[in-house]
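Observations on the model geometry
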Amino acid sequence: MASDKSFLLIGALAKKANTTKDTVRHYDQLGLLKSRKRQAGSRFYTEFHPECVERIELIKSAQTVGFTLNEIKDGFNDFYTGKMGLDEQLNLHQNKLEQVQKQQENTSIMIELLTEHIKELQCMLSNSD
């Protein structure tokens with residue numbers, strides 16, 4: 001079988017996507033990346049489609065705003081197979097925005113509580129001297 005030069009081996013993909021081979025393997029196992037197996041002699045290699053660089057960047061961006069890998073996987077698969085329409089995509093993103101905003105509110109409350117507690121402890125510490 002002739003190798004398509006546009007496909008990338010795991011090391012090249014990891015380097016181009018600024019990530020690790022372990023991350024690429026994990027994403028591949030979850031079905032988030034387009035890959036194929038190629039035999040060279042007695043060894044099998046996994047080759048990745050060049051668009052995987054963009055997919056990895058998209059995955060990392062989605063994780064940054066709170067999407068889980070399973071949510072990303074479901075969204076990718078449904079989007080690429082045409083099962084997820086624009087209305088569903090909009091709904092998914094609106095729901096995730098609401099979740100992230102709630103997390104932000106909870107984080108702000110925790111910051112206020114911790115800041116106040118630190119001030120109280122510092123005051124107690126300075127009074128004990």
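Residues numbered from 1 in each chain as written. Predicted model: local features only at pLDDT ≥ 70, side-chain atom pairs only at ≥ 80, totals over all residues. Heavy atoms only, no water.

So, the sheet that holds strand β3 (residues 43-48)
Put simply, the rule is: Strands qualify as paired when DSSP identifies two bridges or more between them. The secondary structure listing takes helices from DSSP runs of H or I that are at least 4 residues long and strands from runs of E that are at least 2 residues long, numbered from the N terminus.
The strand order β1-β3-β2 describes an open sheet built from three strands, whose pairing is antiparallel. Where the open sheet ends on each side, the last strands, each with one partner, are β1 (8-9) and β2 (35-40).

Remarks on the pattern of salt bridges
Stated precisely, the cut-off is as follows: We count a salt bridge whenever a side-chain nitrogen from Lys or Arg sits within 4 Å of a carboxyl oxygen from Asp or Glu. Buried, partly exposed and exposed residues are distinguished by accessible area as a fraction of the type maximum, computed with a 1.4 Å probe on protein chains only: under 20%, between the cut-offs, and over 50%, respectively.
Here the structure, examined in full by the defined rule, presents seven salt bridges. Taking the shortest distance from any N to any O, the salt bridge between R25 and D22 comes out at 3.0 Å. Taken together, the positions of R25 and D22, both in helix α2 (residues 21-30) and three residues apart, correspond to about one turn of that helix. Here R25 falls in the partly exposed class, since its relative accessible area comes to 39%. Salt-bridge contacts for R38 lead to E47; the nearest nitrogen and oxygen are separated by 2.5 Å. Accessibility expressed as a relative area gives 3% for E47, which makes it buried.

Describing the pairing of β3
Of the pairings in the sheet, the one linking β1 to β3 comprises two bridges and is antiparallel in character. By the bridge assignment for β3, L9 is matched with E47. In terms of strand pairing, β2 meets β3 through six bridges, oriented antiparallel. Bridge pairing in β3 links R38 to Y45. In this structure, the hairpin formed by β2 and β3 is closed by a connection of two residues, where G41 is found at a positive phi of approximately 70 degrees.

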